Amino acid sequence: MSNQQESGWANPMPAGLIALSIAVFIFYAMFTGKVSHEALPIGGIWLICGFFVQVLVGIIELREGSIAGGNTFTWFSAYFMLATGVVWLFEYFAGIHGWKFDPTIAGWCWLAMTIVLWLQFPAFAKSMPLTVFIVIFIMNLALPFIVGLNLGLLDAQIYAPLAGNMAGLAGLFALYSAAALVNNAILGRELLPFPGPIVKDKTPSQNLPA
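Summarised in this report is the structure supplied together with it. (Residues numbered from 1 in each chain as written. Predicted model: local features only at pLDDT ≥ 70, side-chain atom pairs only at ≥ 80, totals over all residues. Heavy atoms only, no water.)

## Quick notes on the side chain of Thr72
Then step 1. Tracing the chain through its elements places Thr72 in helix 3 (residues 67-97).
Then step 2. Residue classification places Thr72 among the buried positions, given a relative accessible area of 12%.
Then step 3. Not counting residues up to four positions away in its chain, the partners in contact with Thr72 are Leu117, Gln120 and Phe124. (Helix = DSSP H or I, 4+ residues; strand = E, 2+ residues; numbered from the N terminus. Buried < 20%, exposed > 50% of the residue type's maximum accessible area, 1.4 Å probe, protein only. Contact = heavy atoms within 4.5 Å.)

And the structure:
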């Protein structure tokens, strides 16, 4: 059974949101101390797997003309998923073998990701459904703490659980959004409430001069 759009492509966003939710659940578990440092390699492998999902979602979104969703999923797949997963694997084995490296470089990378998500935030208010917009909003709140933790500027005991809980909340909204998109599309009705963007296109009457 398929649920195709007029272009022949189905909406790939649910897959991207599920991959994102798995990633931020991993961050939740790591930052809140639900798992130990020894979980790094397994978490890294799952993040790397998420890269393949999100890069495909990004390409399809770009093919469908979504400049905000397509570009975000594409660079997110590379840096939030693949780069972070590889870094976690490297950090784990570096700890075992005593390799010396400066981990604070990751903080500068996270800072760049934070700035771009903040600057593009208005576009998401118009291009993303409300619950997906909330995912990005929560992540925008969590990212400064992740930056500070990676740069060694914040106390991990205080701020890591805060960032982790926000990541977990974002993951719940991502899972709900994915479920709403799939169920509502297949059933042809709004089984799960799924409001549209908070910024609407102007109606013809609104474009008339006062």
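Structure shown, so let's carry the discussion forward.
## Concerning the environment of Val135
Then step 1. Inspection of the secondary structure assignment puts Val135 in helix 6 (residues 130-150).
Then step 2. Spatially, the C-alpha atom of Val135 lies 6.2 Å from that of Ala174, the residues being 39 residues apart in sequence.
Then step 3. When neighbours within four sequence positions are excluded, Val135 is seen to be in contact with Leu20, Ala170, Phe173 and Ala174.

## Quick notes on the packing of helix 1 (residues 13-31) against helix 2 (residues 40-63)
Then step 1. Relative orientation of the contacting elements helix 1 and helix 2 amounts to 155°, with a least axis distance of 8 Å. Considering the angle they form, helix 1 stands roughly antiparallel to helix 2. You can see that helix 1 and helix 2 cross each other, and the crossing is left-handed. Between helix 1, through Met13, Ala15, Gly16, Ala19, Leu20, Ile22, Ala23, Ile26, Phe27 and Met30, and helix 2, the contact on the second element is made entirely by Leu40, Gly43, Trp46, Leu47, Gly50, Val53, Gln54, Val57 and Glu61.
Then step 2. Here the residues of the contact of helix 1 with helix 2 sort into 14 nonpolar, four polar and one charged. (Axes fitted to C-alpha atoms, helices over the stretch in contact; angles between N-to-C directions. Parallel < 35°, antiparallel > 145°, perpendicular 65-115°, else oblique. Left-handed = near helix turned anticlockwise from the far one by under 90°. Nonpolar A, V, L, I, M, F, W, Y, C, P; charged D, E, K, R; others polar.)

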